[in-house]
Amino acid sequence: MQNTSSAVLIGGSIAIDNIKTPTAEGKNLLGGSASFTGIAASYFTDPVHLIGVIGQDFPQEHLDLFASRNISTSGLERSEGDTFSWTGEYHENMNDRDTLAVAINVLENWEPKIPAEIASAPIVVLANMHPLNQLQMIDQLTAERPFIAADTMDLWITIANEDLHKVLLKIDLLVINESEARDFCKTANLITAGQRLLEKGPRNVVIKLGEFGAILFSKHPEGSPATEFTLPGTNYDLFRCAAFPLVEVADPTGAGDSFLGALAGYLASTGKTDFSFDDIRSAIVYGSVVASFTCEAFSANRLAHISRDEIENRLTLLKNLTHWPE
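Structure report, in brief.

About the cut-offs
- Residues numbered from 1 in each chain as written.
- Predicted model: local features only at pLDDT ≥ 70, side-chain atom pairs only at ≥ 80, totals over all residues.
- Heavy atoms only, no water.
- Core = buried A, V, L, I, M, F, W, Y, C linked by side-chain atoms within 4.5 Å.
- Buried < 20%, exposed > 50% of the residue type's maximum accessible area, 1.4 Å probe, protein only.
- Helix = DSSP H or I, 4+ residues; strand = E, 2+ residues; numbered from the N terminus.
- Pairing = 2+ DSSP bridges.
- Axes fitted to C-alpha atoms, helices over the stretch in contact; angles between N-to-C directions.
- Phe/Tyr/Trp six-rings, centres within 6.5 Å; stacked < 30°, edge-to-face > 60°.
- Lys NZ or Arg CZ within 6 Å of the ring centre and 35° of its normal.

Counting 61 residues, the largest nonpolar core has Ile39, Ile284 and Ile311 as the members making the most contacts within it. The element best represented in this core is helix α9 (residues 277-294), accounting for 10 residues. Counting 40 residues, the second-largest nonpolar core is a separate cluster that includes Leu141, Ile157, Leu174 and Ile176.

Rendered as structure tokens:
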């Protein structure tokens, strides 16, 4: 970890998951977008602050896990109700899953509240949550020009489209998966989708492709010339990152959140708040590598117990696997 690293503020859901796969089953697992995002970010920067709400039933072992990663929970609200819970089942193809039960519980009327002492964090992640909650977080930020990254999902595209568009005007980077990008932009072409998402506000867009990696789209600063990464006929740069190949996937839950957390954590580790295309390219590769660890065990059971050496070794291997002679 670099001494110049910046604080990261992460808001989103913190949950209890119950998951079944074709080979195993787990109950009372740590879940939620902010949980995975925070753990992944913690490998690159310190401090990491969580904003969220948990219920009286939230297991102490999960709080202990946050503490073991030096993740600050001063922004966690404790409620007398029950914690948000998700129950799902994955099929042989781990890209296919069924949601068996969702208990909104303490999230139903939750409004994020950012303690004044952490509201000035220079890097902010709006993990997957209702766009209204994302806007509420943005309104409480006190840094002069924080770098804001956000995630979203198909539900918000359907039921909170107007609020989601408001979020897009206020952020620097959007992370979205490929099916959601196609749905949101009403096109089957991901290159067209990326361009349309840039036109909605953010300077950078990352479309996640699951086991096939991710695509970064970045606007050129006004008046700047094309670069070696500029797609012909456009005013943006493009980078395609491969996913780290896995022989077996135990549980993909939280992989996308881990991708976003590692991306934000890497950016924070640079000590900057204004990031170049090259900075974000590097961050995406780290995100892809860290997300691969998440898939190797239930919940955060693998993600929470890796080392920077393991991350760097896997990064080197990914570079070797995707490099060819000139």
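Once you've had a look at it, read on.
Strands sit in the order β3-β2-β6-β7 across an open sheet of 4 strands; the sheet is mixed. Only two strands of the sheet have a single partner each, and these edge strands are β3 (25-31) and β7 (97-103). For this sheet, the mean angle separating the axes of adjacent strands, direction not counted, is 20 degrees. Judged from the 5 bridges that link them, strand β2 (residues 15-20) and strand β6 (residues 85-90) form a sheet pairing that is parallel. Following the sheet pairing, Lys20 is matched in β6 by Glu89.

Our focus in this paragraph is the packing of aromatic side chains. All chains considered together, the criterion is met by 5 aromatic pairs. Pairing Phe44 with Tyr286 gives two aromatic rings, centres 5.3 Å apart and planes at 80 degrees, and the pair type is edge-to-face. Taken as a pair, Phe44 in the loop between α1 (33-41) and β4 (48-54) and Tyr286 in helix α9 lie far apart in primary sequence, 242 residues in all. A connected cluster of aromatic rings, assembled from ring pairs, spans Phe44, Tyr266 and Tyr286. Taking the ring centre of Tyr43 as reference, the NZ or CZ of Arg69 above it sits at 3.9 Å. Stacked on the ring of Phe239, the Lys or Arg Arg281 has its end atom at 5.4 Å from the ring centre.

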